[in-house]
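Take a look at the letters that make up each chain.
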Amino acid sequence: MDLTIGLAAIITTVSAISGVLGYLLMRAKFIHELALSNKKEEELARRAYETAILKEIGDRIGYSLDAVKIIEIISNSLGKLLPYSTVSHMIFDKLKDKINFTYVVNESVSRNFINDVKNKMLLAASEMVQKSLLESEIDESIEGSILDDQSNETVRSFCNLPIIISGTLAGIINVASTQKDLYRDENTEVLYRIAQQASEAVSKLQEVLENEKSRLSQAVESLSDGLLMVDTNYHLVLVNKKLSQLLGILPNPSLFDVANALSGKFDLRSAVEEAYTTDENLPNAEITIKDKTLQVVTLKVIDKKRSKPVGVVVLFRDITDAKSLEKLRQDFTSMIVHELRTPLTHIKSTTQLLREDCPKMQKDQLFGHLLTIDSSSQAMLELIGDLLDVAKIESGKFDVICESGDLGEVIVERIESFRSQAQAKNLNLSVQIEEGLPKAYFDKIRIKQVLNNLLSNAIKYTQTGEIRVKAIPEITGGKRDILVSVADTGIGIDPEEGEKLFSTFEQLERGRKISAVKGSGLGLYIVKGIVEASGGRVWFESAGAGLGSTFYFTLPLAEVVSAKGTEGDMSDSTSFSTQKIAHG
Amino acid sequence: MSTEEDYRALMTDLIKKQMIMLGPNLVLSKARKVSGLTVLNDGTVQKVSVDPGQALGELTNAFMTLSGQIAQMTLDTLLEKYPGVKSSNS
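Residues numbered from 1 in each chain as written. Chains lettered and ligands numbered in written order. Predicted model: local features only at pLDDT ≥ 70, side-chain atom pairs only at ≥ 80, totals over all residues.

A word on the overall build of chain B
When you go through chain B residue by residue, the secondary structure sums to 3 helices and 2 strands. Helices and strands in chain B line up, N terminus first, as α-α-β-β-α. Once local pairs closer than 6 in sequence are excluded, the contacts in chain B between residues at least 24 apart make up 59%. (Helix = DSSP H or I, 4+ residues; strand = E, 2+ residues; numbered from the N terminus. Contact = placed C-beta atoms within 7 Å.)

Here's the deal with the overall build of chain A
Assigned secondary structure in chain A consists of 16 helices and 18 strands. Counting all 584 residues of chain A, 27% fall into the buried class. Across chain A, contacts joining residues at least 24 apart in sequence account for 66% of those joining residues at least 6 apart. (Buried ≥ 20, exposed ≤ 12 C-beta atoms within 10 Å, placed from the backbone.)

Considerations on the interface of chain A and chain B
The partner chain B presents 13 residues to the 18 residues of chain A that form the contact. Residue assignment for the side of chain A that touches chain B shows that the elements contributing at least two residues are α3 (111-129), β4 (157-165) and α4 (186-221) of chain A. Here the side of chain A that touches chain B gets 6 residues from one element, more than from any other, and that element is β4 of chain A. Taken together, the residues of the side of chain A that touches chain B break down into 10 nonpolar, 5 polar and 3 charged. (Nonpolar A, V, L, I, M, F, W, Y, C, P; charged D, E, K, R; others polar.)

A word on the sheet that holds β4 of chain A
Sheet strands line up and pair through hydrogen bonds in the backbone, either parallel or antiparallel. Residue and element names in this part refer to chain A. What the 5 strands build is an open sheet, ordered β3-β2-β1-β5-β4; its pairing is mixed. Pairing within the sheet leaves two strands with one partner each, and these edge strands are β3 (138-144) and β4. Sheet twist, expressed as the average angle between the axes of neighbouring strands with direction ignored, equals 15°. Where strand β1 (residues 86-93) meets strand β5 (residues 168-177), 6 bridges bridge the pair, whose relative direction is antiparallel. Within the sheet, the bridge partner assigned to isoleucine 91 lies in β5 and is glycine 171. (Pairing = 2+ DSSP bridges. Axes fitted to C-alpha atoms, helices over the stretch in contact; angles between N-to-C directions.)

Points about the packing of helix α1 (residues 3-22) of chain B against helix α2 (residues 24-32) of chain B
Residue and element names in this part refer to chain B. Axis separation between α1 and α2 bottoms out at 7 Å; the angle between their running directions is 145°. Side by side, α1 and α2 meet where Ile15, Gln18, Met19 and Leu22 of the first sit next to Pro24, Leu26, Val27 and Ala31 of the second. Residues of the contact of α1 with α2, tallied by class, amount to 7 nonpolar, 1 polar and no charged.

Re the confidence of the model for chain A
Of all residues in chain A, 90% attain a pLDDT of 70 or more, and the chain-wide mean is 83. Below pLDDT 50 for its whole length, residues 579-584 of chain A participates in 6 contacts with residues either more than four positions away or in separate chains. (pLDDT = per-residue confidence, 0-100.)

Quick look at helix α9 (residues 363-395) of chain A
Between its first and last C-alpha, α9 of chain A extends 48 Å over 33 residues, near the 48 Å set by a 1.5 Å rise per residue. At the exit of α9 of chain A stands glycine 396 of chain A, carrying a positive phi of roughly 75°. (Expected span 1.5 Å × (residues − 1).)

A closer look at the pairing of β3 of chain A
All names here are of chain A. Here strand β2 (residues 98-105) pairs with β3 via 7 bridges, running parallel. Across the sheet, residue tyrosine 103 finds its bridge partner in β3, namely isoleucine 142. Handedness of the crossover joining β2 and β3 through α3 is recorded here as right-handed. (Right-handed = clockwise from strand over helix to strand, strands pointing away.)

Digging into the pairing of strand β17 (residues 549-556) of chain A
Residue and element names in this part refer to chain A. Most of β17 is tucked away: 6 of the 8 residues are buried. Strand direction decides the pairing type here: strand β15 (residues 479-488) and β17, joined by 8 bridges, are antiparallel. Bridging from a neighbouring strand, leucine 483 pairs with threonine 554 of β17. The pairing of strand β16 (residues 538-541) with β17 spans 4 bridges and is classified as antiparallel. In the strand pairing of β17, valine 538 is matched with phenylalanine 553.

A short note on the packing of helix α8 (residues 320-357) of chain A against α9 of chain A
All names here are of chain A. Running from N to C, α8 and α9 cross one another at 155°; their axes reach a closest spacing of 9 Å. Here α8 lies roughly antiparallel to α9, going by the angle between them. Our pair here, α8 against α9, has a crossing hand that is left-handed. Along the contact surface, α8 presents Glu339, Leu340, Pro343, His346, Ile347, Thr350, Thr351, Leu353 and Leu354, while α9 presents His369, Thr372, Ile373, Ser376, Ser377, Ala379, Met380 and Leu383. Of the residues in the contact of α8 with α9, the class split is 9 nonpolar, 7 polar and 1 charged. (Parallel < 35°, antiparallel > 145°, perpendicular 65-115°, else oblique. Left-handed = near helix turned anticlockwise from the far one by under 90°.)

Focus: unusual backbone geometry
All names here are of chain A. The phi dihedral of glutamine 130 is positive, around 55°, even though this residue is not glycine. Locating glutamine 130 in the fold gives a position in the loop between α3 and β3. The backbone of lysine 290 sits at a positive phi, close to 50°, despite the residue not being glycine. Take lysine 290: it is sitting in the loop between β8 (285-289) and β9 (292-303).

Shown next, in the form of structure tokens:
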């Protein structure tokens, strides 16, 4: 009986122990699973937080590159993740060359605590940029709870989050607490991941914008006008090299340099301020700087989305050439009117004389008056002929009909026609045609016109000495042609004058200064048009004023053109036009 | 100085610089998770019980997850100071 009771007691005890052990094992398993579940929940919460913050950053920064916004978003959301006494940030203000600090106080701390935070951030930034920033100019602002200078709490935990945009430190976020041993867990690591991802996103965006900006800069740099842009704070945003060239200042000038160069000519600041305040376009200004006439256009730049001005663009266009061309046109018109008026006056006065006194006049007197009318009409016809030729050359419709011919023969004939004029001025007129000169390919009538112009100019501008005309075959750069030269011992040509010699409307000033020398100044322009349309070149050489000059032109050899013609199926006579040459 | 000593000194410098830049608690926590490293509270690497090259690699990777470019830049600067040390991250 006792044994039975004893056994029952043992069995009961063992069962009870088994039950307790089972319970303990179950409990341990349950606790373990609960811990795992909690850990998973925490991890999920961190992931959710990270996603939410990144989404908020994405939504709020949009397409801007404002590092301050990223820092504010991260700073403002910290309370959901970590305990802290202060959250602060420092931002580099490159424009003003200083550092802006903002401290948001969550739990009242002392000024010493704030100073400690500032020093920790400055030390961190100094290490990151490898340059001491402790002496930098600093702006500070404190937000949130009021400071308590009685507080003895010190910074016992902190972490710094660097914000790096495109490889450059843009700022640092600091989280600080009076509690020990904080900011060492996964929650803190989430902040670093967020900071890195946000920095990368903005860096990529900045890269895209930098590319766009670079393209825009290239476009601005390639402008033929000088250009600058200032923002609403009167900071220089953009300036191109052309502006520096026009104003005669060094490249990449400051706004002060530009304003200084314009001093007394154009009040840049007033123009910018006026552009901001008025809705009307400002009238264009015209200024003269360094012998250049500049048209200044001031325009307000509006952000269409916000309908707000974002800057003012000032464009400087060099209108010196346009101005001198305009003056040239006016002078040319006056000259043409004068050139037509003189023979017309002669004709009118002569006909009036004839009308009144014709019956009383002797035959030779009458003949003399008729000769005056004839030569005056001829002069007008020649001038009008020149004007028509110029119009054709300019419109690319100047035709030359070339054929194989003896250029020497044409030269000799022209020389003879000018001999009496040369003799009248006691000038020796000589010609040298190389024996066996090959045939040239040219328009006889037009080349006569060329020779007439060159010979008449040579006689006009030579008071003593001689005029020598020469024609020889030449080989230049493997190309064979005939070279004709007309050399004189006349007034010569200055290099500066020479540049204008073959242009429209430009009659040499020195020629005009010689009262006896008159003319439209179109002759050499027409010479150039004819020679080039014939497939030749024209140029001049002169040792300078008073030292004579030599004009040269070339014409193709007939045999060369003929050989090409065989290849290209050309006929004996060919028509060229300035249009064709220009496009050749 | 032996190469192993160089590794230890470099890792100490790296940890101390990261502590200034990012804050001590998280940096120490990360450094102490690197297997084979014994790190004191001031960031000094007291003992390296594994291949020091491997430890440096792990340490650098741990810091790179916090501040990629900053950690890389700090490592590059330190590698110039310790020419005998080779890093898989350099």
